[in-house]
Amino acid sequence: MEEKGWEPRIVAFVCNWCTYAGADLAGTSRLEYRPEVRIIKLPCTGRIDPLFIIKAFEKGADGVLVSGCHPGDCHYTSGNYHARRRWIVFRELLKFAGIDLRRVHFSWVSASEALKWRDLINEVIETVRSAGPFEAYRRLNP
Amino acid sequence: MEIPYYPGCTLNTVARDFDLSTRRSLKRLGIELKELSQWNCCGAVFPLTPDNVMGLSAPARVLNRAEKEGDKVTTLCSFCYNVLKRTDYRLKRDREGLEIINDFNEGDYRGKVRVLHILEVLKELVGFKEVKEKVSRPLKGVKVAPYYGCMLLRPAEEVGIDDHESPTIFEDFLASLGCDVVTYPKRIDCCGAHMAMGREDMVSEMSGRILLSAHEGGAEMVVTSCPLCLYNLERSEAPLMKREPGFKAMPVLYFSQLLGLALGEDGDGLFSGKNLYDPRPLLRDKGLL
Amino acid sequence: MARIGVFVCQCGNNIASTVDTQKVAEEMKKIPGVVYTQDYKFMCSAVGQELLKKVVKEHRLDGIVVAACSPHMHEKTFRKACEAAGLNPYRCEIANIREQCSWVHHDKTKKTGTLKSTDLTRMTIERLKKNKPLKTINIPLKKKALVIGGGIAGIQAALDIAESGYEVILVEKEPSIGGHMAQLSETFPTMDCSQCILTPKMVELSMHEKVRLLTYSEVEKVEGYIGNFRVQIRKKAKSVIEDLCTGCGECIEKCPFKADSEFEVMKGHKRKVIYVPFPQAVPNIPVIDREHCPKFLKDKCGICAKVCGPKAIDYSQQDEIITEEVGAIVVATGYDLMPVESFGEYGYGRIKDVVSGLYFERLASASGPTGGEIRRPSDGKVPETVVFIQCVGSRDPKRGVPYCSKICCMYSAKHTMLYKHKVHHGQAYVFYMDIRSGGKRYDEFVRRAIEEEGAVYLRGRVSSVYERDGKVIVEGADTLSGTQVEIEADMVVLATAIVPRKGAKELAQRLGISYDTYGFYNESHPKLRPVETNTAGIFLAGTCQGPMDIPDSVAQGSAAASKVISLFSREDLVREPILAEVDERVCNACWDCYYACPYSAIEQHPLKGRDGSIVRWVARVNEGACQGCGVCVAACRSKAIDLKGYTDEQVYAAINALV
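Residue positions within a chain follow its written sequence, with the count starting from 1. Chain letters start at A and ligand numbers start at 1, both assigned in the order the entries are written. Local features in this predicted model are restricted to residues of pLDDT 70 or higher, and side-chain atom pairs are both shown and tallied only at a pLDDT of 80 or more, whereas totals for entire chains, interfaces and linings draw on every residue. Side-chain calculation: all heavy atoms of the structure are included, whereas hydrogens and water are not.

1. A closer look at the overall build of chain C
This is how it is decided: Here a strand is any run of E in DSSP of at least two residues, a helix any run of H or I of at least four, and the numbering for each starts at the N terminus. Note that the radius of gyration is over C-alpha atoms, with the globule rule given as 2.2 Å times the number of residues to the power 0.38. Accessible area is worked out with a 1.4 Å probe on protein chains only. A residue is then buried under 20% of its type maximum, exposed over 50%, and partly exposed in between. Pairs of residues are marked as contacts when any of their non-hydrogen atoms sit within 4.5 Å. Surface accessibility in these figures is a Shrake-Rupley result with a 1.4 Å probe; residues are shielded only by whichever protein chains are displayed.
The helix and strand inventory of chain C stands at 18 helices and 34 strands. The C-alpha atoms of chain C give a radius of gyration of 32 Å, which is well past the 26 Å a tight globule of 659 residues would have. For the C-alpha atoms alone, the extent of chain C along its principal axes is close to 95 × 75 × 40 Å. Sorting the 659 residues of chain C into buried and exposed places 56% on the buried side. Partitioning the intrachain contacts of chain C with sequence separation of at least 6 by distance along the chain shows that 69% fall at a separation of at least 24. Of the roughly 28,100 Å² of accessible surface on chain C, 50% is carried by carbon and sulfur atoms.

See below:
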């Protein structure tokens with residue numbers, strides 16, 4: 001990648017039941033999308049601690065994506081609602097802290113939405129690319 | 001008690017009886033109808049294009065004025081009521097639309113007005129029980145068929161002064177005056193409304209059905225709260241008599257005229273003779289005039 | 001230092017065509033703690049698994065990473081292989097380099113794929129280093145089931161469970177089991193008499209040695225979790241001692257007072273104040289309706305006690321609270337009909353001859369108030385024209401419910417036939433929106449009603465119903481001919497919408513199961529887990545879940561029973577150890593976890609001092625109820641809860657390994 005210049009690095013926190021399976025389906029369907037994403041699987045988006053996202057930025061991520069089951073489809077009934085509530089507050093906090101919101105993304109991708117996953121990843125990568133490398137944050141933590 | 005009052009155009013012209021009889025009656029019930037210091041036409045028909053708020057500018061202007069003069073506004077004509085109520089309903093829920101309208105009208109309407117039909121005023125602010133107590137001339141033996149029309153009831157969630165399929169407010173009101181209330185199936189059907197402009201045949205058929213139904217129920221007169229309904233019903237009687245030999249013409253009048261009579265108003269002052277079928281002979285027969 | 005082995009699978013060419021697996025394996029060797037790496041053609045093959053086992057033993061490995069296909073494919077395979085080699089299965093992790101790498105990045109130079117695979121595998125290795133060995137959990141299991149609701153679905157479920165040798169408690173709110181099916185006359189599409197096929201099942205259930213029948217009873221409280229529920233049941237006072245009553249019926253005959261019959265649907269039909277709901281009731285033991293009995297209202301009468309031979313009447317009987325321990329619960333609480341008084345245009349409640357479909361069932365039933373003769377309620381005349389209106393409240397998002405009640409098309413067709421069979425010269429009209437007759441022999445049935453039995457079907461809605469000269473006038477639209485129609489009918493029958501039972505939501509809250517906006521209970525998965533709820537050990541049967549007909553309800557009853565039976569067929573419950581765990585030293589009892597948990601799996605536990613007094617409270621995870629979602633972990637402010645298998649440590653290790 002170095003020869004081609006800078007490429008963004010995205011960490012995707014996804015739930016095991018919907019989005020992870022949706023990403024698998026994208027593979028089974030041989031869809032192609034940008035490679036700059038690294039998936040971290042959790043049982044449910046409700047498990048996601050906002051500190052995971054902070055940590056990811058600290059460790060070199062330029063953008064973060066959280067994705068789980070659609071509202072009403074959560075494998076654990078209501079975990080994604082907890083995630084959504086937490087996300088809304090956390091996003092405001094990031095905004096307050098001056099972090100470019102082009103770096104943080106939230107979506108619902110079901111186990112059957114391989115196409116949506118592909119488009120989502122490409123779109124997230126493009127948006128993060130437009131925000132540039134997240135050097136500012138990393139400089140805070142030498 | 002004073003209540004801001006929006007008469008509307010018809011009440012100032014062909015429906016003077018409606019206006020006068022209501023003002024006088026309510027005075028006897030301790031309510032002063034205070035006409036808005038300025039007002040304009042309500043627009044007459046609620047615009048049905050959801051993306052065009054400009055059609056609401058006329059009624060919004062009326063509401064704006066009313067807001068400056070009180071927290072509620074009452075009106076008599078069913079059409080005016082329908083348009084004002086729905087405009088208010090829409091503007092209370094559509095902030096963006098409200099902003100556009102206010103910009104256009106150079107107004108500052110905030111949606112703080114409650115639009116009341118006069119029947120609601122009588123039911124909620126006065127109370128039918130109270131009305132009954134104030135009645136000095138009970139209208140015993142007068143068989144009256146109340147006709148709701150559409151505008152007081154539909155659309156149910158926006159205007160509905162009562163259940164839109166089986167309302168009782170009109171009947172309850174008339175019962176408080178001592179009338180024999182006739183309940184008949186077509187009391188909530190459409191009279192044909194503004195089809196009168198080009199399709200008189202259609203209006204004649206639709207209004208005819210209503211009249212016939214009231215007649216079969218034993219009614220001697222029909223009362224309404226809508227000048228257009230009254231117009232359509234009255235003018236459908238002659239053709240109906242031709243079609244249905246058993247049908248006899250009956251007076252159609254505003255409910256407020258009976259209210260005034262029951263409260264002891266001077267009978268002749270309530271009826272200016274504008275009715276196509278004069279109710280006075282009938283009322284005289286009953287010993288009420 | 002860890003001793004980790006890494007296997008990179010080529011998956012034939014599936015991975016190898018875009019990932020240089022050998023290079024990935026070599027890169028991994030550089031990571032501290034990795035002592036063995038290899039790439040191989042097919043790791044999931046028998047040979048591949050043998051290789052894995054051999055390497056684990058030879059190199060004394062304490063952890064394995066397989067970089068291969070999705071863990072949803074072969075995680076179990078490799079964990080089993082590890083276990084066979086003596087390694088804790090939770091010390092094996094999968095890096096997904098096929099579905100999420102080689103298949104979605106088509107770079108033929110292998111550069112992209114190799115780089116990403118290296119990253120993914122490295123993250124997995126770092127995560128694995130923090131994996132703790134976990135053990136599956138065994139939970140004891142009480143092999144006794146509770147069925148709530150004694151309609152056909154509940155009866156079927158209870159019978160099936162009892163037949164396989166397990167004990168069942170069936171709780172029914174009414175004095176008799178049977179439910180709505182007992183009220184029906186004949187059933188579509190076979191037209192066999194409802195009671196004739198139902199009552200044998202009711203009797204079989206009541207005689208079954210494994211079944212304990214608690215009628216006139218309600219579930220008050222449910223605690224615990226799968227395999228170990230504690231249930232409190234209120235057995236309402238029947239005022240009749242069940243062990244003494246012989247069911248002779250003398251008390252009913254002599255009772256001088258009457259009240260409205262719930263069973264006969266329409267007001268005006270009376271039953272005695274001491275009563276059984278219908279003659280074939282099971283158990284055939286009467287109850288006293290205390291709200292209407294003068295003995296209870298003003299201490300007068302007492303005739304029933306005087307005439308009772310075996311002295312079974314007991315006016316002083318009290319409600320009894322029974323506590324039972326059960327391993328599984330089947331909920332089969334059934335439905336109600338939507339009250340249609342609010343649909344003013346149909347005149348129900350105002351016009352006597354406008355009746356509900358269920359009332360028509362009673363009219364047509366041989367055991368009904370008219371002995372099976374179709375007579376209209378107002379004057380007892382045989383109606384010569386009957387109008388049936390479908391979708392009253394159903395498929396009406398504004399005023400009723402948006403869903404289809406599913407059974408009305410079929411039973412309206414049945415009604416027209418029943419009517420025609422009893423009143424040969426009569427004419428039936430049906431107003432419908434669509435005819436939905438999907439089901440075995442269902443459409444043929446509707447065709448028969450129309451083509452052979454002469455019912456006139458009109459596609460359109462009814463605008464108003466009113467009375468004129470002793471007739472009920474129905475005005476409506478016939479949209480197929482584009483005209484308005486007016487029918488002079490003698491009677492109108494409304495096919496009213498099915499709605500959840502009154503109190504359905506409260507019961508759901510007691511049980512800890514979820515329900516939809518209407519109050520129908522949610523299945524765990526609409527297609528693949530149709531009778532399970534999201535609360536383990538609680539199953540659904542019949543119309544408490546949504547509108548369905550008798551065959552569906554019975555099928556669901558059996559399905560729920562089979563779930564219970566398969567649960568009971570194990571010695572004890574085996575659970576995946578992906579569970580939340582509380583560090584009691586850190587917990588400060590804020591209860592955020594307690595409120596966040598969708599499964600009520602967090603318990604408030606007192607810690608006691610030496611003298612037995614409570615020192616402080618801490619959260620504790622009920623391992624039977626916890627499903628391992630981790631919502632509590634993210635909710636915990638003091639970081640006292642962690643999720644085994646997905647600990648904070650593991651996740652952070654993976655994030656740290658990003659670069």
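There's more to say after this.
2. Digging into the interface of chain B and chain C
Spelled out, the test is: By buried area we mean how much accessible surface two parts lose on assembly, using a 1.4 Å probe and totalling the loss over both. When a carboxyl oxygen of Asp or Glu lies within 4 Å of a side-chain nitrogen of Lys or Arg, that pair is called a salt bridge.
With 8 residues of chain B in contact, the opposing surface of chain C contributes 10 residues. Summed over both sides, the interface of chain B with chain C buries roughly 680 Å², with 43% coming from carbon and sulfur. Its largest share of buried area at the contact with chain C, chain B owes to B:E165, B:P185 and B:K186, together 54% of the area lost on that side. In this structure, the connection of chain B to chain C is made through 2 salt bridges. Two residues, C:E475 and B:K186, come together in a salt bridge whose shortest N-O distance is 2.1 Å.

3. Re the state of the cysteines
Inclusion rule: Cysteine sulfur atoms are paired as a disulfide whenever they fall within 2.5 Å.
Applying the stated rule across the entire model yields 2 disulfides over all chains. Between the sulfur atoms of A:C18 and its disulfide partner A:C69 the distance amounts to 2.4 Å. Since a negative S-S torsion denotes a left-handed disulfide, the A:C18-A:C69 link at about 100° is right-handed. Here the residue A:C18 occupies a position in the loop between strand 1 (10-15) and helix 1 (19-28), and A:C69 occupies one in the loop between strand 3 (63-68) and helix 3 (79-96), the gap between them amounting to 51 residues. The burial state of A:C18 is the same as that of A:C69; both residues are buried. Paired by a disulfide, C:C193 and C:C196 hold their sulfur atoms 2.2 Å apart. Every disulfide takes its handedness from the sign of the S-S torsion; for C:C193 and C:C196 that torsion is 90°, giving right-handed.

4. Looking at the packing of helix 2 (residues 50-58) of chain A against helix 3 of chain A
Residue and element names in this part refer to chain A. Rules: Axis definition: a line fit to C-alpha positions, over the contact stretch in the case of helices; interaxial angles, taken between N-to-C directions, run 0 to 180 degrees. Angle categories: roughly parallel below 35 degrees, roughly antiparallel above 145, roughly perpendicular from 65 to 115, and oblique for all the rest. Charged residues are taken to be Asp, Glu, Lys and Arg, nonpolar residues to be Ala, Val, Leu, Ile, Met, Phe, Trp, Tyr, Cys and Pro, and polar residues to be all remaining types, Gly included.
Between helix 2 and helix 3, whose axes approach to 10 Å, the crossing angle comes to 40°. Relative to helix 3, helix 2 is oriented oblique. Judged by residue contacts, P50, I53 and I54 of helix 2 engage R86, W87, F90 and L94 from helix 3. The residue inventory of the contact of helix 2 with helix 3, partitioned by class, reads 6 nonpolar, no polar and 1 charged.

5. A short note on the packing of aromatic side chains
Rule in force here: Two aromatic rings, drawn from Phe, Tyr or Trp (for Trp, its six-membered ring), form a pair once their centres lie within 6.5 Å of each other, and the interplanar angle then sorts them: stacked below 30 degrees, edge-to-face above 60, tilted otherwise. When the NZ atom of lysine or the CZ atom of arginine is within 6 Å of a ring's centre and also within 35 degrees of its normal, the charge is said to sit over that ring.
Tallied over the entire structure, the rule returns 29 aromatic pairs over all chains. With a centroid separation of 6.3 Å and 25° between ring planes, the pair formed by C:F343 and C:Y346 is classed as stacked. Here C:F343 and C:Y346 have matching classes, each one buried. In textbook terms, an aromatic cluster arises when at least three aromatic residues are bridged by ring pairs, as seen for B:F18, B:F128, B:Y148, B:F170, B:F173, B:Y254 and B:F255. The ring centre of C:Y275 lies 3.7 Å from the NZ or CZ of C:R271, which sits over that ring.

6. Notes on the sheet that holds strand 11 (residues 217-225) of chain C
Residue and element names in this part refer to chain C. The condition is simple: Note on pairing: two strands pair once DSSP finds at least 2 bridges between them.
Spatial ordering of the open sheet is given by 11-12-17, a layout of 3 strands whose pairing is antiparallel. Strand pairing shows two members of the sheet lacking a second neighbour, strand 11 and strand 17 (320-326), which therefore form its edges. Along the sheet, successive strands turn relative to each other by an average axial angle of 20°, direction set aside. In terms of strand pairing, strand 11 meets strand 12 (residues 228-235) through 8 bridges, oriented antiparallel. Each bridged residue has a counterpart across the sheet, and for G224 the counterpart in strand 12 is F229.

7. Considerations on the interface of chain A and chain C
Tallying the contact residues gives 44 residues for chain A and 45 residues for chain C. Both faces combined, the contact of chain A with chain C buries some 3,700 Å², and carbon together with sulfur accounts for 58% of it. Ranking the residues of chain A by area buried against chain C places A:R38, A:R47 and A:Y76 at the top, with a combined share of 17%. Taken together, chain A and chain C are joined by 5 salt bridges. With a shortest N-O distance of 3.0 Å, C:D119 and A:R38 are connected by a salt bridge. Mapped onto the side of chain A that touches chain C, the elements with two or more residues apiece are strand 1, helix 1, strand 2 (37-42), helix 2 and helix 3 of chain A. Among the elements that take part in the side of chain A that touches chain C, helix 1 of chain A stands out by supplying 7 residues, more than any other. When grouped by side-chain class, the residues that make up the side of chain A that touches chain C number 21 nonpolar, 10 polar and 13 charged.

8. Considering the nonpolar core
Applicable threshold: Among buried residues, the Ala, Val, Leu, Ile, Met, Phe, Trp, Tyr and Cys ones that are joined through side-chain atoms within 4.5 Å form a nonpolar core.
Core analysis: the biggest nonpolar cluster contains 98 residues, and A:F13, C:I161, C:V330, C:I641 and C:I655 have the highest contact counts within it. Here the element with the most residues in this core is helix 6 (residues 152-163) of chain C; it accounts for 8 residues. Apart from residues no more than four positions distant in its own chain, C:I655 is found in contact with A:F13, A:I40, A:F52, A:K55, A:A56 and A:K59. The next biggest cluster of nonpolar side chains, apart from the first, holds 90 residues, and it includes B:V115, B:F128, B:Y147 and B:A214.

9. Here's the deal with unusual backbone geometry
Residues and elements named next belong to chain C. A cis geometry characterises the amide bond from F188 onward to P189, with omega recorded as -10°. You can see P189 is positioned in the loop between strand 8 (186-187) and strand 9 (192-193). Residues V282 and P283 are joined by a peptide bond in cis, for which omega reads 0°. Tracing the backbone shows P283 in the loop between strand 15 (274-275) and strand 16 (287-288). Although it is not a glycine, S600 sits at a positive phi angle of roughly 50°. For S600, the location among the structural elements is in the loop between helix 16 (592-596) and strand 32 (602-608).

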